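# Residue-level structure breakdown
Chain by chain, the residues run as shown.
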Amino acid sequence: MSATEEQLALLGGPKAIQTDPGDIFDWPIITEEDEAAVLECLRAGKMSGTDITKQFEREYAQWHGVRYALGHNTGTAALQAAMWACGVGYGDEIICPSITYWASALPAFSLRATVNFADIHPDTLDIDPDDIEHRINDRTKAIVVVHYCGYPCDMDPIMEIAEKHDVKVIEDASHAQGGHYKGRLIGTIGHVAALSGMTGKSLPFGEGGMLLTDDKEIYERAIAWGHYARHNEIEDNPDLAPFARLPFGGVKHRMHQLSSALGRVQLRHYAERLEQIQKAMNYFWDQLEDVPGIKAHRPPKDSGSDNGGWYAARCPYRPEELEGLPISRFIEALRAEGVNTWAGTNFPLHLHPVFTDLDIYNEGKPTRISTIDEDIRQPKGSLPVSESIAERAMTIPWFKHYRPQIIDEHAWAYRKVCENADALL
Ligand SMILES: *Cc1c(COP(=O)(O)O)cnc(C)c1O
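Just so it is clear, the model here is predicted, and its values are computed rather than measured.

## What about the pairing of strand 5 (residues 168-172)?
Of all the five residues making up strand 5, four are buried; the element is thus mostly covered by neighbouring parts of the structure. Here strand 4 (residues 140-146) pairs with strand 5 via five bridges, running parallel. By the bridge assignment, V145 is partnered in strand 5 with E171. On the question of chirality, the crossover connecting strand 4 to the parallel strand 5 by way of helix 5 (residues 155-165) is right-handed. When strand 5 meets strand 8 (residues 192-196), the two strands line up parallel, connected through three bridges. Within strand 8, the position partnered with E171 by the bridge is A193.

## Notes on the domain arrangement of the chain
Note on interface size: it is often stated as the accessible area lost on association of the parts. Partitioning the chain into domains gives domain 1 (3-29 + 270-345 + 387-424) and domain 2 (32-264). Placing a centre on the C-alpha atoms of domain 1 and another on those of domain 2 gives a separation of 31 Å. Contact residues are listed per partner, giving 26 residues for domain 1 and 28 residues for domain 2. Buried area between domain 1 and domain 2, both sides added, is near 2,100 Å², and the carbon and sulfur share of it is 60%. For the domain 1 face of the interface with domain 2, the top three residues by lost area are Y270, H297 and Y311, together amounting to 32%. Inspection of the region where domain 1 meets domain 2 yields one salt bridge. In this structure, D123 engages R318 in a salt bridge whose closest nitrogen and oxygen atoms are separated by 2.4 Å. The interface formed by domain 1 and domain 2 contains eight residue pairs in polar contact (both at pLDDT 80 or more).

Rules of the game
Residue numbers here run from 1 along each chain, matching the order of that chain's written sequence. Whole-chain, interface and lining totals are the exception, using all residues; otherwise, since this is a predicted model, local features are given only for residues with pLDDT of at least 70 and side-chain atom pairs are given and counted only at 80 or more. Working from all heavy atoms in the structure, the side-chain values ignore hydrogens and water. Think of it in three bands: with a 1.4 Å probe and only protein chains considered, a residue is buried below 20% of the maximum accessible area for its type, exposed above 50%, and partly exposed in between. Only runs of H or I of at least four residues qualify as helices and only runs of E of at least two qualify as strands under DSSP, and these elements are numbered from the N terminus. In short, DSSP must find at least two bridges between two strands for them to pair. Crossover handedness is defined by viewing with both strands directed away from the observer: a clockwise path from the first strand over the helix to the second marks the crossover as right-handed. Each domain's extent is set by a domain assignment, obtained either automatically or from a database. Between two residues, a contact is recorded if the distance between any of their heavy atoms is within 4.5 Å. By buried area we mean the combined loss of accessible area, with a 1.4 Å probe, across both parts when two parts are placed together. Take a side-chain nitrogen of Lys or Arg and a carboxyl oxygen of Asp or Glu: if they are within 4 Å of each other, that pair is a salt bridge. Polar contact is the term for a pair of N or O atoms within 3.5 Å; when the atoms are in protein, one must be able to donate a hydrogen and the other to accept it, and sequence-neighboring residues count only if both atoms are side-chain atoms.

So this is what it looks like as structure tokens:
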């Protein structure tokens, strides 16, 4: 049957989704093996130790083929440490996409640095590689890239720009654990990666984060910053040695070992779970490549790139292909078919008052511009793609298992709404 022959559920037709989704959307997957690992740590009273964390770090580093992994108590902490380890400090700038979770950018303030936001690309939802270079100036120390909803950033041009201007690249891999860019694992391409293992992330280990790098200096600086009890692991950095035993950041970043115990088990099963997610998500999109109004959010098939665990899966919306149908109406129709979806992405950070007005440190000036001589704030209109993305992107079902029947019904719901959009105008 063609989708145009069927009435939309919103207008009185049958719902596209009839089957109970069961556990297809449930995440994280916790089994007795996770419970046993956590209980063992709990009963041994090792919550504040580092032995399990170090095993987890070794396994994580091995998986990525990098020399160093350093466990953190949150992804936010790992990002702050990565920034400081890259030399971000007083009066410096980082470049970061405006559309991301705040932790990709905000730790810069705590280092007395500031942020120059770049726009995103409307198809990838990632930082636009063409909107980076002109933002680099004498103050720029690092570019933070975010593989948004799993879609790998175009790292080749970004690394080229970074090398040309001698700035570091920090990969925020919180959405893309296990994903690839041209055959290389996400998190191994920039100078350092930081990522979250928060409960909802595609590789979940409770509250926790990981820092990954091949660079010994970055690794040792991250230890100096937030791991005072591990300063003895700093081998040969004369700049750090005299100050050992107190954390330079005045912060304590040690990973909770209930998290590292959980993480070790999750990691063992991740490849197999990732495969199910990828198979399911690609199957969904394979059915929708030709429909107007929505665009698959995945790299080309033979590129060697993939979306990893498809964290917080989303897709671009193209109202101009549906005679201007507003996203709210499109979502209303999808929800009537039984799809649990909503419009938008993270909100644009550059317009938030914390980044335009707030004086966090009582300096008589907004923190954004308190350590530099120039007003780099970015008013409405400066990042057009980021500012319009709320009307031009939406969540899509994040399937965790390859179960064709329920996925078919979801794909059918999208096709029905896209192909009958004129009935909604
Ligand atoms: C979740 C997330 C973080 C922060 O991680 P926490 O573990 O919650 O502190 C950072 N960046 C991005 C892009 C995220 O999605």
